[in-house]
Amino acid sequence: MMQMRVLTYNIHHWEGTDGKIDVARVTEVIRAASADIVALNEVYHPAQWPEQGRPALLAMAEMLGMNWVFGKATEYPWQSQVEPAGYGNACLSRWPIRAYAVHRLVPISGREPRNLLEVRLELPDGHPLTVYVTHLDHQSETVRLAQIRAALQWTLRDRERPHLLLGDLNAQSPTDLQKSGQRVEVATSVGAEELAWEEPKVVPYLLRVGYLDCFTQAGKGEALTWPTFAPQVRIDYIFASSALAAKLRCCQRWDLPPAAVASDHFPMLAEFEL
């Protein structure tokens with residue numbers, strides 16, 4: 001038997017709640033979690049880390065001793081750099097990455113482009129594992145549902161095989177709302193973001209098609225992941241396919257220092273016994 005620790009983390013392009021870009025600090029959070037597989041959202045690449053004179057994502061992967069791939073969804077300027085950098089999702093792995101692909105999700109007028117990063121890993125026992133990383137729209141549950149339906153056109157090819165679906169879904173879970181005893185209104189303009197209340201559609205849809213919400217199934221401690229300085233809602237998820245369900249041991253918010261300041265999201269960590 002072997003343990004597999006999986007982390008999903010929106011790193012807010014390495015910018016902490018103190019407004020500082022600090023790649024080393026985000027790296028420290030990931031290292032402390034002892035994750036074997038890491039899904040990252042809000043990543044710029046090949047944005048240069050000024051202190052290192054090389055791409056921040058590359059530097060972080062090297063500091064962790066992990067393999068990495070990046071999936072560009074769009075391009076934006078990063079800090080004062082002249083050339084715009086790719087912006088999207090990434091995956092880090094202690095184990096070999098054998099293949100990867102970037103799938104563009106359904107384009108929606110007026111919305112930021114989103115994608116699905118598909119990564120095929122080789123586990124230490126030689127078996128394959130597919131990891132899917134995505135980051136859904138932050139304004140509309142209807143748009144998010146369209147995006148996740150598009151994503152599942154790819155993930156369902158692995159329906160009989162072990163795989164994971166991870167990322168910042170910007171969606172609420174009905175289970176979380178039931179525990180809170182009320183419909184949580186989260187449109188409180190934290191920073192420049194707003195998440196307006198809508199009836200949950202994305203998480204129920206994923207559960208209906210057979211995915212396991214790891215925190216709902218085996219969660220320990222607090223669930224709320226955003227924003228770190230005043231957590232209101234869980235929007236960061238680890239979903240496991242039915243083939244992995246019996247192997248899940250626990251899931252928790254990773255909030256040990258310096259996680260509370262390294263990003264505006266807490267990461268979520270799940271542990272499996274394979």
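This text goes with the structure placed above it.
In short, a report on the structure. (Residues numbered from 1 in each chain as written. Predicted model: local features only at pLDDT ≥ 70, side-chain atom pairs only at ≥ 80, totals over all residues. Heavy atoms only, no water.)

Here the focus is the sheet that holds strand β11 (residues 212-213). Reading across the sheet, the 6 strands line up as β7-β8-β9-β10-β13-β11 and stay open at both edges, with mixed pairing between neighbours. Of all the strands in the sheet, just β7 (97-104) and β11 have a single pairing partner and so form its edges. Of the pairings in the sheet, the one linking strand β9 (residues 128-135) to strand β10 (residues 163-168) comprises 6 bridges and is parallel in character. Bridging from a neighbouring strand, T130 pairs with H163 of β10. (Pairing = 2+ DSSP bridges. Helix = DSSP H or I, 4+ residues; strand = E, 2+ residues; numbered from the N terminus.)

Here we take up the sheet that holds strand β6 (residues 85-93). Read across the sheet, 7 strands follow the order β5-β6-β2-β1-β15-β14-β12 without closing on themselves; strand pairing throughout is mixed. Both edges of this open sheet fall to β5 (67-76) and β12 (219-220), since each of them pairs with a single strand only. Two elements, β12 and strand β14 (residues 248-253), share 2 bridges in a ladder whose sense is parallel. Among the inter-strand pairings, K220 is bridged to a residue of β14, identified as Q252. Against the sheet, helix α1 (residues 23-32) contacts β1 (3-10), β2 (37-45) and β6, and its axis sits at roughly 150° relative to β1. Against the sheet, helix α2 (residues 56-64) touches β2, β5 and β6, its axis set at about 10° to β6. (Contact = heavy atoms within 4.5 Å. Axes fitted to C-alpha atoms, helices over the stretch in contact; angles between N-to-C directions.)

A separate point is the environment of D137. When you line up the elements, D137 lands in the loop between β9 and α3 (141-155). A residue is classified by how much of its surface remains accessible, and D137, at 1% relative accessible area, is buried. When near neighbours in sequence (up to four residues on either side) are disregarded, D137 contacts R111, R114, V143, R144, Q147, L169 and N170. From its side chain, D137 meets the backbone nitrogen of Q139 in a polar contact 2.8 Å long. Within polar-contact distance, the side chain of D137 engages the backbone nitrogen of S140 at 2.9 Å. (Buried < 20%, exposed > 50% of the residue type's maximum accessible area, 1.4 Å probe, protein only. Polar contact = N/O pair within 3.5 Å; in protein donor to acceptor, adjacent residues only side chain to side chain.)

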